[in-house]
Amino acid sequence: MSSSEPTAPEVDWDALTAAATQAMHAAYAPYSDFPVGAAALTDDGRIITGCNVENASYGLTLCAECTLVGQLRLGGGGRIAAFACVDASGSVLMPCGRCRQLLYEFRAPGMVLLTVSGVRTMDEVLPDAFGPQNLQN
Ligand SMILES: O=c1ccn([C@H]2C[C@H](O)[C@@H](CO)O2)c(=O)[nH]1
Ligand SMILES: [Zn+2]
């Protein structure tokens, strides 16, 4: 591997999924009855969390990833090195398409996600992503 390639961080996935499960208990999901918790390890070693927050309009629902990104910013910023989200049964969930884009914006080099098919890179779950780089002309 060349030295310019980012390496995946050592991640305590049990700790991250435990944090996601704890956050899931704060979810507001009376419409879907599908609470979700998310957790991320930041590039400076913090764990931040999020939960889904639904709305009577349905379409205005905030996924757990949305509130997690808010927490990232409120906590002083930083980048996401590793991410996991879980449902009420503790099963790993895939972020929806919109949330993959949200996570992409704040990815650290080599960011990894816990997925239903194992640990994956951001590029694997959102290949050829649109991003800030596309706004340069
Ligand atoms: O990764 C996911 C997938 C779904 N949801 C939420 C949105 C909605 O409130 C509920 C059912 O789709 O689950 C998340 O928060 N994150
Ligand atoms: Zn989503």
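Criteria and cut-off values
- Residues numbered from 1 in each chain as written.
- Chains lettered and ligands numbered in written order.
- Predicted model: local features only at pLDDT ≥ 70, side-chain atom pairs only at ≥ 80, totals over all residues.
- Heavy atoms only, no water.
- UniProt positions renumbered as here; feature names shortened; annotations may be inferred.
- Core = buried A, V, L, I, M, F, W, Y, C linked by side-chain atoms within 4.5 Å.
- Buried < 20%, exposed > 50% of the residue type's maximum accessible area, 1.4 Å probe, protein only.
- Helix = DSSP H or I, 4+ residues; strand = E, 2+ residues; numbered from the N terminus.
- Contact = heavy atoms within 4.5 Å.
- Donors = N, O, S within 2.8 Å, 3.2 Å for Na, K, Ca; no water.

An unreviewed UniProt entry lists the chain under the name Cytidine deaminase, with Sinomonas atrocyanea as the source organism. Word for word, the UniProt comment on the chain under Cofactor (unreviewed entry) is "Zn(2+)". Listed in UniProt under the heading Sequence similarities (unreviewed entry), the comment for the chain reads: "Belongs to the cytidine and deoxycytidylate deaminase family."

Asks: Any chance you could explain the nonpolar core here in plain terms?
Replies: One broad trend across soluble globular proteins is that nonpolar side chains are buried collectively. Residues Leu68, Ile80, Phe83, Leu103, Met111, Leu113 and Met122 are the most contacted members of the largest nonpolar core, which totals 21 residues. For this core, the secondary structure elements donating two or more residues are strand 1 (36-42), helix 2 (64-74), strand 3 (80-87), helix 3 (97-105), strand 4 (107-115) and helix 4 (122-125). Counting residues per element, this core draws most heavily on helix 2, which supplies 4 residues. In contact with Met111, not counting residues within four places along its chain, are Ile80, Ala81, Ala82, Phe83, Leu103, Arg120, Thr121 and Met122. Among the nonpolar cores identified, the runner-up in size contains 12 residues, and Val11, Trp13, Leu16 and Val112 belong to it.

Asks: Quick question: what am I supposed to make of the UniProt feature "domain: CMP/dCMP-type deaminase" (unreviewed entry) in the chain here?
Replies: UniProt records the feature "domain: CMP/dCMP-type deaminase" (unreviewed entry) for residues 11-133 in the present numbering. Here residues 11-133 runs as 29% helix and 27% strand, with 28 Å between its end C-alpha atoms.

Asks: Even after reading the chapter, I still don't get the coordination of the zinc ion (ligand 2), so can you show me in this structure?
Replies: Ideal geometry at a metal gives 109.5 degrees between four tetrahedral donors and either 90 or 180 degrees between six octahedral ones. The zinc ion (ligand 2) binds to the protein through Cys63 (SG), Cys96 (SG) and Cys99 (SG); the donor distances cover 2.2 to 2.3 Å. When the donor residues of the zinc ion (ligand 2) are listed from N- to C-terminus, their spacing reads C-x32-C-x2-C. With a gap of 33 residues between them, Cys63 in the loop between strand 2 (47-51) and helix 2 and Cys96 in the loop between strand 3 and helix 3 connect regions that are remote in the sequence. With relative accessibility at 33%, the residue Cys96 sits in the partly exposed group.

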